[in-house]
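Okay, here's what each chain looks like letter by letter:
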Amino acid sequence: MKKLIAMLLSLVLCASLLAGCANETTTTQEEETTTTDTTQQETADPAPETEEPAPAPVEEEETPAAPKYVFLFIGDGMSYPQIQSTSDYLGALSDADYWQAEPSLDDNQGAILDGSEYLNFMNFPVAGSAVTYDSNSFCPDSASTATSISTGHKTYSGTINMDETGTTAYETIAEQLKAQKGWEIGVISSVNLNHATPAAFYAHQASRNNYYEIGLELIDSGFDYFSGGAFLKPTGAEGDQEDLYALAEAAGYTVARTQADAEAVTDGPVIIIDEHLADGDAMAYELDRTDEMWSLADHVAKGIEVLDNDNGFFLMCEGGKIDWACHANDAASSIHDTMALADAVQVAIDFAAEHPEETLIVVTGDHETGGLTIGFAGTDYDTYLNLLESQKISYAKFDSDYVSAYKENKTPFEEAMADVTELFGLKTEGEEGDKLVLTDYELELLKTAYEKSINGTETGYAQQAEYVLYGTYEPFSVTLTHIINNKSGVSFTSYSHTGLPVAVLAQGVGSEAFGGYYDNTEIYQKLADILEIQ
């Protein structure tokens, strides 16, 4: 009986426990359901709050359109020394107490150097530097460096837009713009139109000396505007080929060989040959140019008139005689031709002011020439740059107009010195402190050079020493420029090119790409990227 009662109590206890578990489960489920329903209700019907304003849509920055008008100015042989010496010369001319501030003086009397006067392109917002070596030299030539700028490829010195084997041709930025965009193309040079730098925008030759073949490629280019110096070898190396000017006219080009004809030009295709040709059938040095003669700026202005259209144009302008002046170590001529290039750039700046959202201007050099520097051992920390204002004539015009006559007439040195004083300011005597008075050392150098030039008299110098003194130039003329350079505190190290980097200065649409320090092949690549060339 007791066992039966114990079993009944156990069953009742189990049933109670099972009922409790079931009830707890139901309660938990109900709580979860209530919580879920409440959460859903809160989500569906949140408590009223102050609404925050929706964020304004982010405006995407507009990518500037590619420029429609592109100017590329190349100062041949123009690196930092050519730009800075010109800037410093202009600063010296405008500084009334420039000499009083010279560091060699014990008492500067409160004089303070005013500094340089910037050329227009020195004020461009973007400044870069380009390294210039080519495929076989750290001191490259114009053909290879212009090839780098126009195609983005290195090659050997003397080669134009072809590889080192002379078998593969490279397409130029100008050719690509003509073919891919249908742009009008212009090429200007103060030297010959089939010289290395202008040729690098339309020709493809293993040798830059293939002047006739380069001229044929100019005619075949289909470009719209050529202007500057005359063709070299227009009837071939042997003078037995059909004249390039006649071939150009037959191909549809107007050939203008007088200034009046050039002024009458309104459209292309046209080839303008400057009427007032000088040494090497190139344009005159700016130092020798008279007011009635076209300047480089005039050739740019006419180029804009001919090329201007709604589709776009590319205009390359070379200041080629900067290079020629520096080869001859003629600092005054280099300075004046650098100023002439700046005047030409100003024409583009004025155009850009009317088309600010459509224009890109780039100013650079292809290499440095002459190893020009501001400073000379004989003047220590002093400079007298305004002495260069005394030079009124280029070495080349002095050669052609004066030295040739001295040779013919066997003119005595003392008589020639009268011309030297008038044209260069140098003199054998003068007041104390006159920096243009020749020292005994300088006078002896000049007399020896005069005898070498006029009478062929042996100098007594070793051959190497003679080359350092004269290079391949007229001994009398180059000695004159050396003396006035050095008196001014300027000097050269070479009659050839050097390995200095060149400045790259830019303004306008896409100009920001040209900042930095890079290889000269990048100039092409930056232009191609900006202009969306394939």
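Here the structure is shown first, and the text comes after it.
Presented here is a report on the structure given in the accompanying data block.

Cut-offs applied
Residues numbered from 1 in each chain as written. Predicted model: local features only at pLDDT ≥ 70, side-chain atom pairs only at ≥ 80, totals over all residues. Heavy atoms only, no water. Phe/Tyr/Trp six-rings, centres within 6.5 Å; stacked < 30°, edge-to-face > 60°. Helix = DSSP H or I, 4+ residues; strand = E, 2+ residues; numbered from the N terminus. Buried < 20%, exposed > 50% of the residue type's maximum accessible area, 1.4 Å probe, protein only. Polar contact = N/O pair within 3.5 Å; in protein donor to acceptor, adjacent residues only side chain to side chain. Contact = heavy atoms within 4.5 Å. Pairing = 2+ DSSP bridges. Axes fitted to C-alpha atoms, helices over the stretch in contact; angles between N-to-C directions. Expected span 1.5 Å × (residues − 1). Bend = angle between axes of the 7 residues up to and from the residue. Salt bridge = Lys/Arg side-chain N within 4 Å of Asp/Glu carboxyl O.

Counted by the stated rule, this structure contains 24 aromatic pairs. Look at F226 and Y253: their rings are 6.2 Å apart centre to centre, the planes differ by 55°, and that puts the pair in the tilted class. Of this pair, F226 sits in strand β4 (residues 225-229) while Y253 sits in the loop between α7 (244-250) and β5 (254-256), placing them 27 residues apart in sequence. With a relative accessible area of 0%, F226 lands in the buried category.

Quick look at the side chain of S142 now. In this fold, S142 is placed in helix α3 (residues 142-151). Note on S142: relative accessible area 4%, which makes it buried. Polar side-chain contacts of S142 include one of 3.2 Å to the side chain of D76. Those residues in contact with S142 that lie beyond four places of it in its chain are D76, A196, T197, R208, D366, H367 and H497.

Here the focus is the sheet that holds strand β14 (residues 516-519). Read across the sheet, ten strands follow the order β5-β6-β4-β3-β7-β1-β8-β13-β2-β14 without closing on themselves; strand pairing throughout is mixed. The sheet terminates laterally at β5 and β14, the two strands that pair on one side only. For this sheet, the mean inter-axis angle between neighbouring strands, taken without regard to orientation, is 15°. In this structure, strand β2 (residues 126-131) lies alongside strand β13 (residues 502-508), joined through five bridges in antiparallel fashion. By the bridge assignment for β13, G128 is matched with V504. Along the sheet, helix α4 (residues 173-181) contacts β3 (184-192) and β7 (313-319); its crossing angle with β3, the most-contacted strand, is approximately 155°.

Under the 1.5 Å per step criterion, the end-to-end length of helix α12 (residues 395-409) is 20 Å for 15 residues, consistent within 8% with the ideal 21 Å. Maximum bend of α12: about 35°, positioned at Y402. Of all the residues in α12, the buried ones are Y395, A396, F398, D399, V403 and Y406. Of the residues trailing α12, K410 is marked for its positive phi of about 50°.

On to the pairing of strand β8 (residues 359-365), then. Taken across its seven residues, β8 has seven buried, putting it largely inside the fold. Side chains T359, I361, V363 and G365 project from β8 onto one buried face, and the interleaved L360, V362 and T364 project onto a second face that is buried too. Taken together, the seven bridges between strand β1 (residues 69-75) and β8 define a ladder with parallel strand orientation. Paired with V70 across the strands is L360, a residue of β8. With five bridges connecting them, β8 and β13 associate as antiparallel partners. Looking across to β13, one finds that V363 is bridged to L505.

What follows concerns the pattern of salt bridges. Throughout the structure, instances matching the rule amount to twelve salt bridges. For K407, the salt bridge is made with E474, and the minimal N-O distance between the two is 2.9 Å. Separated by 67 residues along the polypeptide, K407 in helix α12 and E474 in the loop between α15 (463-470) and α16 (475-488) bring together distant segments of the chain. Here K407 falls in the partly exposed class, since its relative accessible area comes to 32%. For E474, a relative accessible area of 19% gives the class buried. Two residues, K487 and E442, come together in a salt bridge whose shortest N-O distance is 2.9 Å. One end of the pair, K487, is in helix α16; the other, E442, is in helix α14 (residues 440-455), with 45 residues separating them in the sequence. A relative accessible area of 11% means that K487 is categorised as buried.

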